[in-house]
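# Understanding the architecture of this molecule
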Amino acid sequence: MKNKFLYIPFLALGLGLVACEPEFKDEINAGTYTNGEADFTTYVAIGNSLTAGYMDGTVFRSGQNNSYPNILAKQFKLVGGGTFTQPSYEDDVNDLGGLILMGTPQTLTRMVINMSTGGPQNLAGTPTIEISKLQQKAYNNMGIPGAKSFHLLAAGYGNLQGLATKTANPYFVRHATTPTTTVLADAMSMNPTFFTNWIGSNDVLAYALSGGTGVDQKGNTNPATYGSDDITDPNVFAQVYATIMNTLTANGAKGVVATIPSVTSIPYFTTVKYNPLSVAALGEAAGINTINQSLYGPMKAILTAVGAGDRIELLSTTSANPVIIVDKTLPNLSAQITAVASQVPELAPLAGYLGATFGQVRQANKNDLILLTASSAIGKTTTLPTGVPETLGVVGVTYPLGDALVLLPSEQQAITEATTAFNQIIRQIAASKNIPVADMNRIMNDLVAGLRNSDGQIYTADYFKGTGNLNTVMFSLDGVHPNSRGYAFVANEIIKVINQNYKARIPFVNVADYQGPKLVPSN
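Since the structure is predicted, the reported quantities are computational estimates derived from the model, not experimental observations.

Each value, and the rule that gives it
Residues numbered from 1 in each chain as written. Predicted model: local features only at pLDDT ≥ 70, side-chain atom pairs only at ≥ 80, totals over all residues. Heavy atoms only, no water. Helix = DSSP H or I, 4+ residues; strand = E, 2+ residues; numbered from the N terminus. Buried < 20%, exposed > 50% of the residue type's maximum accessible area, 1.4 Å probe, protein only. Contact = heavy atoms within 4.5 Å. Areas by Shrake-Rupley, 256 points an atom, 1.4 Å probe, with all protein chains shown as cover. Core = buried A, V, L, I, M, F, W, Y, C linked by side-chain atoms within 4.5 Å. Salt bridge = Lys/Arg side-chain N within 4 Å of Asp/Glu carboxyl O. Phe/Tyr/Trp six-rings, centres within 6.5 Å; stacked < 30°, edge-to-face > 60°. Pairing = 2+ DSSP bridges. Axes fitted to C-alpha atoms, helices over the stretch in contact; angles between N-to-C directions.

Along the chain, the regular secondary structure elements total 14 helices and 16 strands. Here the chain holds 523 residues, and 57% of them are scored as buried. For the chain, contacts bridging at least 24 residues in sequence account for 76% of all contacts bridging at least 6. For the chain, the accessible surface area stands at approximately 20300 Å², while carbon and sulfur atoms represent 51% of it.

Here it is as structure tokens:
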């Protein structure tokens, strides 16, 4: 029964896409390039994984070459831009990505599409990027994967000894100039004449990626008390962002800042549907009837008896069915369920289990977002207590998806409110400094729907439709970060803002020149 109920082909999960109007059109002719009012002599980029060139679940040597700051720097060279450096990944000898500490793997390798199985998976091999191989050097690209806004000001965030206490970031540890420096201090040591600042996504994204298991820290102005998956208080964000911008512009540098994307629109949250339980996946009508008789019917009756019959409906034999999920916002009816079930002879032996398991369970609906990681959990059998039939352990079918795999409407609302507040702060502070804003929130939302480029091609966020559309996909296989082609789009958006606001004439890059998802014949 373990494999009977469900199979969800990774490449069969799709998004509906529509085309937007052309976003970039390059009408600048060679020989007419100019920097306008901007000085690109020393360009410095600060931010998080989106700035570092993170894609396919990690930073890897060839992928980092296509970070949007590196793409921008190449265009800036046409108008007087200087040398642009990025943290060295020469020790990524097999181009696998991932990190090791004293030889022990700390993170997974990059993701690829294995053509022999038809789905994304981590590339075979062992990472070779050693965290403790300290470079102790500031770089023009100061994007730190995992960094939240306040981390850029945190002394010791690059201290190797802080990894054990989780007060340091392994990516910054590799190149922090001293154990006590800050990301912003190292960035400013480069004496930037121009900057990009795209920080803040992780202040809300970490909460979203955790399925809302973190805490919305609104009202708590002490980030030292935050957990890694918490949402940053807007006042903290405003103070930190103001400090960052005051520092970046103190010596007259110009730049561009970027808004925070609405994270719930990215593939990580929109790919797995709330109702993936097809009739065929559940074993045709016979399988559905068995599940209804053994679990859904009895639970429907029990919940009805305690006034919550709307939490579960019988599975349909003619249409797709929703998964069952834990909803921590529901009243916990564990005691009531146990009491009612104990009065039914055939259920009495399972009364305690049913109460403990289904106290806050309901079927998902269209307002819930099922995380991408749920695709590998739905249909698998979980370990159950002794005496509980294995048939009650099929995740998403007879056993609920955990809170960490679902974003509930209330959690989505917290994310939306924080994102809106952060973007208002970014715009207000940028306006006070006369620094233009690249609206990455809009561009990412447009990308999900589909963007038509000047080459006539429609580019999308959707990489789940098989090999036929891989040349037009903009997101990497982790479902969160752009791929190389997506970062080229980001670079073009920033170039557009620079040209419009600094009277510059910088050519756009050709998005089609950049790679989409990586295919391997076998892994």
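This part covers the nonpolar core. If you look at the biggest cluster of nonpolar residues, it comprises 141 residues, and the most contacted ones within it are Phe269, Leu354, Leu401 and Ile498. Looking at this core, the element that brings in the most residues is helix H14 (residues 484–501), giving 9 residues. The contacts of Phe269, once residues within four sequence positions are left out, are Leu205, Ala208, Leu209, Val263, Thr264, Leu369, Ile370, Leu371 and Leu407.

Inspection of every chain in the model, using the stated rule, returns 11 salt bridges. Between Asp91 and Arg174 there is a salt bridge whose closest N-O contact spans 3.4 Å. In this pair, Asp91 is assigned in the loop between helix H3 (68–76) and strand S2 (100–101) and Arg174 in the loop between helix H4 (170–173) and helix H5 (183–188), connecting sequence segments 83 residues apart. For the pair Asp91 and Arg174, one class covers both residues: buried. Taking the shortest distance from any N to any O, the salt bridge between Glu411 and Lys328 comes out at 3.1 Å. With a gap of 83 residues between them, Glu411 in helix H12 (residues 409–432) and Lys328 in the loop between strand S9 (324–326) and helix H10 (334–341) connect regions that are remote in the sequence. Salt bridges linked by common partners bring Asp327, Arg362 and Asp368 together as one network.

For the structure on display, the rule yields 13 aromatic pairs. Relative to Phe84, the ring of Tyr43 lies with its centre 5.2 Å away and its plane at 20°, an arrangement referred to as stacked. Separated by 41 residues along the polypeptide, Tyr43 in strand S1 (residues 43–47) and Phe84 in the loop between H3 and S2 bring together distant segments of the chain. Neither Tyr43 nor Phe84 differs from the other in exposure class; each is buried.

Bringing the sheet that holds strand S16 (residues 519–520) into the picture now. Here 3 strands make up an open sheet; going across it, the order is S5-S4-S16 and the pairing mixed. For this open sheet the edge positions go to strand S5 (119–122) and S16, each flanked by a neighbour on one side alone. In the sheet, strand S4 (residues 111–114) pairs with S16 via 2 bridges, with the strands oriented parallel. Across the sheet, the residue bridging to Ile113 is Leu519, located in S16.

Spatially, 5 strands are ordered S6-S1-S7-S8-S13 in an open sheet, and the strand pairing comes out parallel. Each of the sheet's edge strands pairs with one partner strand only, and the pair in question is strand S6 (141–143) and strand S13 (437–438). Here 5 bridges tie S1 to strand S7 (residues 194–198), and the two strands are oriented parallel to one another. What sits directly across from Ile46, in S7, is Asn197. Sitting on the sheet, H3 is in contact with S1, S6 and S7, with an inclination near 165° to S1. Contacts between helix H7 (residues 234–249) and the sheet are confined to S1, S7 and strand S8 (254–258), with S7 contributing the most and set at about 170° to the helix.

Moving on, we get to the pairing of S1. Every regular strand shows the same layout, with side chains that alternate between the two sheet faces. Where burial is concerned, most of S1 is hidden: 5 out of the 5 residues are buried. Pairing analysis gives 3 bridges linking S1 to S6, with the strands arranged parallel. By the bridge assignment, Ile46 is partnered in S6 with Met142.

On S4, burial covers both faces: Met111 and Ile113 on one face and Val112 and Asn114 on the other are all buried. As paired elements, S4 and S5 share 4 bridges and run antiparallel to each other. Bridged to Val112 within S5 is Gln121.

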